[in-house]
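Chain by chain, the residues:
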Amino acid sequence: MKISIVGLGYVGLVTLAVMAELGHDVVGLDIDKNKILGLKSGKIPIYEPGLSKMLEKNKERISYSDSYECIKGSKYSFICVPTPTVNERIDVHFVIDAGKEINNVDSKTNIVIKSTVIPGTARKLSEEIDRGIISNPEFLREGNALKDTMAPDRVVVGGNKVEEFAKIWEFTKSPILITSNENAELIKYASNSFLATKISFINQIADLCEKIPNADVKVIERGMGLDKRIGMEFLKAGTGFGGSCFPKDTKALVSFSEDLGISLSIVKSTIDYNEKRIPIIVNKLKKIITQKNSKILILGLSFKDNTDDIRESKSLELIRNLELEGYRDIWAYDPVVTKVEGIRLISDLDSAIEDSEYIIVATEWPLFSEKLQFVNDRHIIDLRRVLEPVKTKLDYGVGLYFKD
Ligand code: UGA
């Protein structure tokens, strides 16, 4: 089949690679001319394990363009454009515009919305161009994107007469849920908001553990997670949730609900607590790092491990808050992020550890625990609980008893 992908961000590029891997002829469209030029010369704009390899392997079946003309003759056109937040509300105009452009070039291609959109968006586009739209929300995680796309927990497809389209995902052998556009759109928001709620919940339990001698949130996570009804996933205490999805999607769901007269108070407090998470941690760090001129090393700058994405990164928020508190000598190391405006980055991890007084683990790269597990002559602060307190002496670990 000929398939086109409109918008080559994380979701777009990963969908493109997987569709090509399945043997389809795929064309990737983006209005960013530089991105297209880069992709044509093999430059992948994001760090995602396995993606470059998959794109390279299937390059015979992949082409790129910055003009909508390229989608002509596609059986399916996936819309993967961004849905930014404007005044706390999600702005879907890129999705609607892309749908109209696709329709102008080829009124036969089946339009599939993959971008995260509020319920009613597919219907709105459908009414504007007078044809059915397929909703196919994406559930991939950055850093795990190919595995999540090839073997998702489930596939959700919304719309009328979408059975033929759904076959495209049969190779995953995952359950495929066929439903209305609105249900498909809401499943995505409800899922992300629920996972975010789990994270704020366990972070609050971590705060509680810090008040109880001998309590440890890692044990609580395991004890809770072994209950199948609760599950281990997304129950790890840390710096709070960041990235381009959870912070944005939780807010979009709350404002969308408020417009309909419904208050999602649970999601609201999930957001509120997440916004307080770094200030809460910094208040504790102030009691440990008493000298403002101490040399502090931050390990990890992205919003989580296995990615170079720094959008809504809690690690960057931590650095900014520490600086506001007057700490003057902060530097950072990250395995894949090489440049961030205003941040002093060091490329040699060993000498950075050697030369720092305080080392703060801010993301979960396995490299950090490997390097630090036997370091016992530095002050170590573990905000992701990647180190075992029995092996490494911690000055502070999230969810470990902390004597004020
Ligand atoms: C998230 C969802 O997990 C995907 O299913 C969804 O497709 C995607 O958003 C999206 O809407 O496009 P992503 O933002 O890539 O994926 O990253 P996650 O792995 O979900 O992590 C989000 C944040 O939560 C990170 O800051 C992470 O460190 C934090 N987190 C995650 C925790 O603090 N504890 C956990 O137990 C899990």
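Everything numeric here is computed off the predicted structure, so don't read it as measured data.

About the thresholds
- Residues numbered from 1 in each chain as written.
- Predicted model: local features only at pLDDT ≥ 70, side-chain atom pairs only at ≥ 80, totals over all residues.
- Heavy atoms only, no water.
- Axes fitted to C-alpha atoms, helices over the stretch in contact; angles between N-to-C directions.
- Helix = DSSP H or I, 4+ residues; strand = E, 2+ residues; numbered from the N terminus.
- Parallel < 35°, antiparallel > 145°, perpendicular 65-115°, else oblique.
- Left-handed = near helix turned anticlockwise from the far one by under 90°.
- Contact = heavy atoms within 4.5 Å.
- Nonpolar A, V, L, I, M, F, W, Y, C, P; charged D, E, K, R; others polar.
- Buried < 20%, exposed > 50% of the residue type's maximum accessible area, 1.4 Å probe, protein only.
- Arc of directions from axis to C-beta.
- Phe/Tyr/Trp six-rings, centres within 6.5 Å; stacked < 30°, edge-to-face > 60°.
- Lys NZ or Arg CZ within 6 Å of the ring centre and 35° of its normal.
- Lys, Arg positive; Asp, Glu negative; His and termini not counted.
- Salt bridge = Lys/Arg side-chain N within 4 Å of Asp/Glu carboxyl O.
- Polar contact = N/O pair within 3.5 Å; in protein donor to acceptor, adjacent residues only side chain to side chain.
- Pairing = 2+ DSSP bridges.

Enquirer: What should I look at first to understand the packing of helix α8 (residues 181-209) against helix α11 (residues 265-288) in this one?
Expert: Each pair of packed helices gets described by two things: the angle between the helix axes and the distance between those axes. The contact between α8 and α11 brings their axes to 9 Å, and the two run at 40°. Taken together, the axis directions place α8 and α11 in an arrangement best described as oblique. Relative to α11, the crossing made by α8 is left-handed. Contact with α8, carried on its side by Ser193, Ala196, Thr197, Ser200, Asn203, Gln204, Ala206 and Asp207, involves Ile266, Val267, Thr270, Tyr273, Asn274, Arg277, Ile280 and Lys284 of α11 and no other residues of that element. Per-class residue counts for the contact of α8 with α11 are six nonpolar, seven polar and three charged.

Enquirer: Teacher, can you tell me more about helix α5 (residues 121-129) here?
Expert: Since the α-helix turns once every 3.6 residues, residues separated by three or four places project in the same direction. Thr121, Ala122, Leu125 and Ile129 are the residues of α5 that are buried. All buried residues of α5 project into a common sector of 100° when viewed along the axis, lining one side. Its buried side turned inward, α5 meets β4 (76-79), α4 (93-105), β7 (110-113), β8 (134-135) and α8. Following α5 by one or two positions, Asp130 has its phi on the positive side, about 55°.

Enquirer: How should I be thinking about the packing of aromatic side chains in this particular structure?
Expert: In this description, an aromatic ring pair is defined by two values, namely the gap between the centres and the angle between the planes. Applying the stated criterion to the full structure yields eight aromatic pairs. A centroid spacing of 6.5 Å and a plane angle of 50° characterise the contact between Tyr47 and Trp365, whose relative ring orientation is tilted. Remark: Trp365 occurs in the loop between β13 (358-361) and α14 (366-372) and Tyr47 occurs in the loop between α2 (33-40) and α3 (51-57); sequence separation between them is 318 residues. For Tyr47, a relative accessible area of 30% puts it in the partly exposed group. In this structure Trp365 comes out as buried when scored by relative accessible area, which is 9%. Seen in terms of ring centroids, Tyr76 and Phe165 are 5.0 Å apart; in terms of plane orientation they differ by 70°. Their pairing is edge-to-face. Residue Tyr76 is found in strand β4, and its partner Phe165 is found in helix α7 (residues 163-166); the two are separated by 89 residues along the sequence. Summarising the burial analysis for this pair, Tyr76 and Phe165 share the class buried. Linked through ring pairs, Tyr76, Phe78 and Phe165 together constitute an aromatic cluster. Residue placement shows Lys292 over the ring face of Tyr327; its charged tip is 4.9 Å from the ring centre. Of note, Lys295 hangs over the ring of Trp331, and the distance from its end group to the ring centre comes to 4.1 Å.

Enquirer: Would you mind going over the side chain of Arg131 with me for this structure?
Expert: Of note, Arg131 is situated in the loop between α5 and β8. As a buried residue without a salt bridge, Arg131 has its nearest oppositely charged side chain in Asp106, at a separation of 6.4 Å. A distance of 3.5 Å separates the side chain of Arg131 from the backbone oxygen of Ser107, its partner in a polar contact. The contacts of Arg131, once residues within four sequence positions are left out, are Asn103, Asp106, Ser107, Lys108, Thr109, Asn110, Ile111 and Ser126.

Enquirer: Mind showing me how you'd approach the sheet that holds strand β15 (residues 396-397) here?
Expert: Adjacent strands of a sheet pair through backbone hydrogen bonds, lying either parallel or antiparallel. The strand order β12-β11-β13-β14-β15 describes an open sheet built from five strands, whose pairing is parallel. At either margin of the open sheet sits one strand with a lone partner, and together these are β12 (329-333) and β15. Examined bridge by bridge, strand β14 (residues 379-382) and β15 share two bridges and lie parallel to one another. Each residue of the ladder has a partner; that of Ile381, found in β15, is Tyr396.

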